[in-house]
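Geometric and topological summary
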Amino acid sequence: MPSPADETALQRLADVVQRRRVELDLKKIDVANGAEIAINTYVKIESGQSVRDVTYGKIESVLGWAPGSSKEVLRGGQPTIAERLTDDAVVSPLASAQLEADLEQAVVNAAIAVTDNLSASEIRKLKHAVLEELRRAGHLPKGSR
């Protein structure tokens, strides 16, 4: 039997899944069929019962969520909506603050990966210069962060 904390997380996921299904104007059987799972298994999810991890992954694409969204909801977060552009490309809306944080980390990681002689101060300057260039080009809002 799951712990009370697990039961709360499962119920939270059940509520989020049900809201998304209704938002997409889908019936339970539509999600089950799209995910290639039994309707009884899908009903367990919306009832807050535990299913195998692989099953959560199967419903994510039907609900238009990025992989790992179900686990994120179970941890207390929100699902990431994903829009499939092609069979191998998916996009997801991203808040500019999160984009900027991800870009900062990418610049730092790249600088560390390709050079051995940049100081922490030089890496910070590089990071700020890259972000400022992206702001000038209109890819990031001015004055963010």
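On a predicted model such as this, the values are computed, not experimentally measured, just so you know.

**Structural notes on the overall build of the protein**
- Check the secondary structure of the protein and you find seven helices and two strands.
- Here the protein holds 145 residues, and 29% of them are scored as buried.
- When contacts within the protein are restricted to residue pairs at least 6 apart in sequence, long-range pairs at least 24 apart make up 43% of them.
- When the accessible surface of the protein is split by element, carbon and sulfur atoms take 52% of a total near 9,400 Å².

**A word on the pattern of salt bridges**
- Enumeration according to the criterion identifies seven salt bridges in this entry.
- Across the pair arginine 21 and glutamate 46 runs a salt bridge whose closest N-O atoms are separated by 2.5 Å. Of this pair, arginine 21 sits in helix 1 (residues 4-23) while glutamate 46 sits in helix 3 (residues 39-46), and the two are 25 residues apart along the sequence. Of the two residues examined, arginine 21 and glutamate 46, each falls in the buried class.
- Between arginine 75 and glutamate 72 there is a salt bridge, with its nearest N and O atoms 2.9 Å apart.
- Judged by its relative accessible area of 59%, arginine 75 is exposed.
- Overlapping salt bridges, with partners in common, bring together Glu100, Glu132 and Arg135 in one network.

**With respect to helix 3**
- What helix 3 keeps buried is the set Tyr42, Ile45 and Glu46. Taken around the axis of helix 3, the buried residues stretch over an arc of 95 degrees, which confines them to a single face.
- A positive backbone phi angle near 80 degrees is found at glycine 48, which sits one or two residues after helix 3.

**Let's talk about a nonpolar patch on the surface**
- A cluster of nonpolar side chains, namely Ile29, Ile39 and Val43, defines an oily patch on the protein surface of about 190 Å² accessible area.
- Relative to the elements of secondary structure, isoleucine 29 occurs in helix 2 (residues 28-35).

Reading guide: rules and limits
- Residue positions are counted from 1 within each chain, in the order its sequence is given.
- Only residues with pLDDT of at least 70 get local features here, since the model is predicted, and only at 80 or more are side-chain atom pairs given and counted; chain-wide, interface and lining totals rely on the full set of residues.
- Excluded from the side-chain calculation are hydrogens and water; included are all heavy atoms of the structure.
- Helix and strand definitions here come from DSSP, where helices need a minimum of 4 consecutive H or I residues and strands a minimum of 2 consecutive E residues; each element is numbered from the N-terminal end.
- Three labels apply to residues, based on accessible area from a 1.4 Å probe with only protein chains included: buried if under 20% of the type maximum, exposed if over 50%, partly exposed otherwise in between.
- By definition, residues are in contact when any of their heavy atoms lie within 4.5 Å.
- We get accessible surface area from the Shrake-Rupley algorithm with a probe of 1.4 Å; when it comes to residues, only the shown protein chains can shield them.
- We define a salt bridge as a contact between a side-chain nitrogen of Lys or Arg and a carboxyl oxygen of Asp or Glu at a distance within 4 Å.
- When we speak of the arc, we mean the arc of directions from the helix axis to the C-beta atoms.
- Like-charged residues are merged into a patch within 9 Å and nonpolar side chains (Val, Leu, Ile, Met, Phe, Trp, Tyr) within 5 Å, provided each residue has over 30% relative accessible area and no salt bridge.

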